[in-house]
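# A structural walkthrough
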Amino acid sequence: MKTYPLKLFVALLLANILLSPFVRAESLTAYTSRCETELGIPPNSITGFNCSTGTILPTSQFGSACDAQALLGGPACTANSRLGVKSFTNTNVKAVWVCRKYSGADDPADLLYEDVAMIIHNRQNGKTCFFQNNLDGNGDGPAIPGPRDANALTIWKTPAQTAAINCTGCHSNDPYIVTPHVAQAFRIHNMVRFNPKGAYSVVGPDFTHFNSQISRPEGCGGACHFDPDSSFVGDALSKHWMVPGNIANYIPYHFNPIGGQFYSLHSNGQIRGFNGAGGGSCNGSSCPHWSMLDSNASTVKIAASSSKLFQLHSTGVIWEFMGVQCSQSNSCPSWRMIDNNSKTVQITSGGGRLYQRWNSGAIWRYTNTPCSGNNCPGWQLLDNNSATVEIVASGSNLYQRHSGGAVWKYTGVPCSASSCVGWQLIANDARTINLVADGSSLYMHQQSGAIWKYTGTPCSASSCPGWQLVDFDNASTKQVVAGSSNVYRLYHNGEIWRYSGSGQTWVMLDNNPNTREISASTNGLLQRHNNGVVWRFTGTVCTSGSCPGWTPIQNLTNTASLTGARL
């Protein structure tokens, strides 16, 4: 009889128990149904796909051949693998599938793939399912059946067989590992930082032992292997991608702004961007769905629209974000200086364009020419009136408010020498205290609390008829914001209301005395509490005093303000 050391014996015994078909052996159909239930997606929604529709995965990213390969064995460089993403009615769930080639022809006309796999993940509850083809050496595809189709087992392994290949041996830190081979496809499919360091567990009795392998060390999340299989280490070192546990010369998680992106500015000058359209809720005390974009104590204001983000420093320097988030060492190099003028007191953005107001009342538009040294020529004068106290932009529109209450709309004609004629008077009411804009809509918030919407008719002589009353005088109103064709108001007592769209009728969305600020964009509505917690509105209005339509998404105590990107 052969003898084993005790540790080896115990390891073998555990392996046999974990992989024994008599202990688990859930059918592929039952496992698929379990996944749909636990991930919160409709029955029969996990379906097949066609490999040919996927995004081709590059084998070179850094200028030399095969420096971004799959790192899963086989020949050094085989091209034409593909990756695709499937969405569900539950926006917190995504399926990422990959069809890989390891050997034989990498001819684009060859539509067979040796390795076909799919990972489905719910970033809100962390539930994850793994599907793997049978890896029998024969090519599969391009049409891949769903795991409950009649011919499913001709392609897919059973859950026990998939568990036997030990997926979490590599996917130990996040469901999705973003190496240079797949990073470009992740960006194309808006999967950048879908759920880095969020909740993560694996579904099904055959995969119970996977959960004990999930570890969450600090660092770069799913962008790197922290304890990869030894065969990966040499590739990682020689192919320029991330050495396990630290960031070298490659950042796959370029921040990927969407329409209506939300940003937070913190008291220490940090700027963070919210990840994804729906984002993800906090998981207990962990709220991982934000990327740090800068950390500079001089930052006093940010402005955003479309995919653009800008910041203003207390010194008057203005910076434009160039798309790369901070590294894990808090290095934030992705900003370029576009102006440096101590007169600047306000910035605003609309339609991807930036405007600034000086303390003299001058208004300037950025022409997309950055600074060169201390020379910052990229600005065009639009007006120069000492009465100007506020500017607001949205879409292609720009407005200004004067200290006496006059409101002007820019007509598109810049200043010529000292002549600035490109403005049209649309309101003249001394009670107006600030302007709110989103898309093509403009609102006046007045000292009495009244809110008016511009209907498009400019002033004629002393008559300014182009305004519709949407809220009566209301001393309770503290803040008015607009976004996604909606206008919202915040009361001093914490109540949040949304305009119904007709008359002066409003619908209550929340009633919390801790609310200090609201922010809206085309991507929804956020509120910030006095303890720093940020909540996202999920769509359920208040009924009978209950206001359940909110989920927490950030819990940093130093959050100072929220900004929603305009159109």
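## Focus on the overall build of the chain
Tallying secondary structure elements over the chain gives six helices and 36 strands in all. Taken over 567 residues, the chain has a buried fraction of 53%. Counted over contacts in the chain with a minimum sequence separation of 6, partners at least 24 positions apart contribute 56%. Working note: accessible area of the chain is about 23,400 Å², and carbon and sulfur atoms make up 51% of it.

## Quick word on the environment of I496
By the secondary structure assignment, I496 is in strand β30 (residues 495–499). Judged by its relative accessible area of 0%, I496 falls in the buried class. With 21 residues separating them in the primary sequence, I496 and E517 have C-alpha atoms 9.8 Å apart. Those residues within four positions of I496 in sequence are excluded, and the remaining contacts are R489, L490, V507, M508, L509, D510, T515, I518, L525, Q527 and W550.

## Considerations on the pattern of salt bridges
Considering all chains together, one arrives at 12 salt bridges under this definition. Where E38 meets K127, a salt bridge forms, and the shortest distance between an N and an O atom there is 3.5 Å. Residue E38 is found in helix α2 (residues 28–39), and its partner K127 is found in strand β6 (residues 127–132); the two are separated by 89 residues along the sequence. Overall, the relative accessible area of 27% leaves E38 in the partly exposed class.

## Things to note about the sheet that holds strand β19 (residues 379–384)
Across the sheet, four strands lie side by side as β16-β17-β18-β19; this open sheet has antiparallel pairing. Lying at the two open borders of the sheet, with one neighbouring strand each, are β16 (344–350) and β19. Geometrically, the sheet is characterised by an average inter-axis angle of 25° between neighbouring strands, direction not taken into account. With three bridges connecting them, strand β17 (residues 353–358) and strand β18 (residues 362–366) associate as antiparallel partners. The residue bridging Q356 from the neighbouring strand is W364, located in β18.

## Notes on the confidence of the model for the chain
The pLDDT averaged across the chain works out to 85; a share of 83% of its residues lies at or above 70. The low-confidence segment residues 1–23, where pLDDT is below 50, has eight contacts with residues more than four positions distant or belonging to other chains. A low-confidence stretch, residues 218–253 stays under pLDDT 50, and its non-local contacts, those more than four residues away or across chains, total 85 contacts.

## Notes on the nonpolar core
Ranked by size, the top nonpolar core spans 46 residues in total, and within it F49, M118, I120, F130, F131, W156 and F186 carry the most contacts. At the level of secondary structure, the elements contributing two or more residues to this core comprise α2, β4 (93–100), β5 (115–122), β6 and α4 (180–188). Counting 14 residues, the second-largest nonpolar core is a separate cluster that includes F310, L312, I318 and A362.

## Topic: the packing of aromatic side chains
For the coordinates displayed, the defined rule picks out 17 aromatic pairs. Judged by centre distance (5.1 Å) and plane angle (50°), the ring pair of F537 and W550 falls under tilted. Here F537, found in strand β34 (residues 533–537), pairs with W550, found in strand β35 (residues 550–555); they are 13 residues apart in sequence, far enough to count as distant. Given a relative accessible area of 12%, F537 falls into the buried group. An aromatic cluster of at least three residues, connected via ring pairs, comprises Y31, F49, W97, F130, F131, W156, F207 and F210. It is K101 that lies over the ring of Y113; its NZ or CZ is 5.2 Å from the centre.

What counts, and at which threshold
- Residues numbered from 1 in each chain as written.
- Predicted model: local features only at pLDDT ≥ 70, side-chain atom pairs only at ≥ 80, totals over all residues.
- Heavy atoms only, no water.
- Helix = DSSP H or I, 4+ residues; strand = E, 2+ residues; numbered from the N terminus.
- Buried < 20%, exposed > 50% of the residue type's maximum accessible area, 1.4 Å probe, protein only.
- Contact = heavy atoms within 4.5 Å.
- Areas by Shrake-Rupley, 256 points an atom, 1.4 Å probe, with all protein chains shown as cover.
- Salt bridge = Lys/Arg side-chain N within 4 Å of Asp/Glu carboxyl O.
- Pairing = 2+ DSSP bridges.
- Axes fitted to C-alpha atoms, helices over the stretch in contact; angles between N-to-C directions.
- pLDDT = per-residue confidence, 0-100.
- Core = buried A, V, L, I, M, F, W, Y, C linked by side-chain atoms within 4.5 Å.
- Phe/Tyr/Trp six-rings, centres within 6.5 Å; stacked < 30°, edge-to-face > 60°.
- Lys NZ or Arg CZ within 6 Å of the ring centre and 35° of its normal.

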